[in-house]
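The lines below spell out each chain.
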Amino acid sequence: MRSFTTAGAPGRCKRCLIGEAFCICGDVPTVATRTEVVVVRHEREGWKSTGTARIAELAMPNLKMLEYQEDSEPARSLLTPLVDGAHLLFPSDAPAPWADVKRLIVIDGTWRQTRKMYGKLEALHPVPKLGLPAQTSKVLRLRESTFEEGRSTLEAIAEAIALLEGDEAAKPLFELHNLYVERVFRARGVWEQKKHGP
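The rules behind these values
Numbering of residues starts from 1 in each chain and follows the order in which that chain's sequence is written. A pLDDT threshold of at least 70 governs which residues receive local features in this predicted model, and a stricter bar of 80 or more applies before side-chain atom pairs are shown or counted, although totals over entire chains, interfaces and linings include all residues. Think of the side-chain values as coming from all heavy atoms in the structure, minus any hydrogens and water. For helices the rule is a DSSP run of H or I covering at least 4 residues; for strands it is a run of E covering at least 2, with both sets numbered from the N terminus onward. Note on method: radius of gyration uses C-alpha positions; expected globular size equals 2.2 Å times residues raised to 0.38. Each residue is placed in one exposure class: buried if its accessible area under a 1.4 Å probe, protein chains only, is under 20% of its type's maximum, exposed if it is over 50%, and partly exposed if it falls in between. Contacts between residues were defined by any pair of non-hydrogen atoms, one from each residue, lying within 4.5 Å. All accessible-area figures derive from a Shrake-Rupley calculation using a 1.4 Å probe, and residue coverage is judged against the displayed protein chains alone. His is not counted, nor are the chain ends, whereas Lys and Arg count as positive and Asp and Glu as negative. To locate a charge, take NZ of a lysine, CZ of an arginine, CG of an aspartate or CD of a glutamate. To count toward a patch, a residue needs a relative accessible area above 30% and no salt bridge. Like charges then connect within 9 Å, nonpolar side chains (Val, Leu, Ile, Met, Phe, Trp, Tyr) within 5 Å. We define a salt bridge as a side-chain nitrogen of Lys or Arg found within 4 Å of a carboxyl oxygen belonging to Asp or Glu.

1. Quick look at the overall build of the chain
Regarding its fold elements, the chain presents six helices and five strands. For 198 residues, the compact-globule formula gives about 16 Å, and the C-alpha radius of gyration of the chain, at 16 Å, lands near that figure. Per-residue burial for the chain yields a buried fraction of 47% across its 198 residues. Considering only residue pairs separated by 6 or more positions, the chain has 69% of its internal contacts joining residues 24 or more positions apart. A total accessible area of about 10400 Å² is found for the chain, and carbon and sulfur atoms account for 51% of it. If you average the places of the 28 positive and of the 26 negative side-chain charges in the chain, the two averages end up 5 Å apart.

Structure follows, in structure tokens:
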């Protein structure tokens, strides 16, 4: 598939996986949030050139990345000691209030993958869930979701930080998401088309 890229692919940055001419690494800000963010990333997301969790990790020194494999190990063992006092960013019919959140756990993958990951990671089941409010404007993304509440992982983290720490704290993350999307589309030669919509 086109969206899969290896870190050693010719002509691509090894960190952001974008073509070197459009590399974003020099423009990645340092966003030191008060909130600790733990991302549990599906193994198939690791080398997707459209994966935004990787970009969030470049920007956020307080972000911890756990790699999830099909047998759910070692993510299960690494995750267990992190759930105490944590909140999970995940849709729920009875979401917890956005208050007193010190550690935020985010599951990274397609909606189908994240549901399966949640099912296998039993340590997450008692963790209070947080839901993001409905979006009021259309956001340009590298991958569109048929799931109404779907967002890219970087976008979801930015929205969560805005709710927890304020708009100014989250602003660099929103700007980074927009820049990343633009650079990837420019690398593909479709930026003008995407920018103006269908």
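That shown, we press on.
2. Re a positive patch on the surface
Judged by side-chain charge, Arg44, Arg112, Arg115, Lys116 and Lys120 come together as a positively charged surface patch. With respect to the helices and strands, arginine 115 occurs in helix α3 (residues 111-120). Judged by its relative accessible area of 46%, arginine 115 falls in the partly exposed class.

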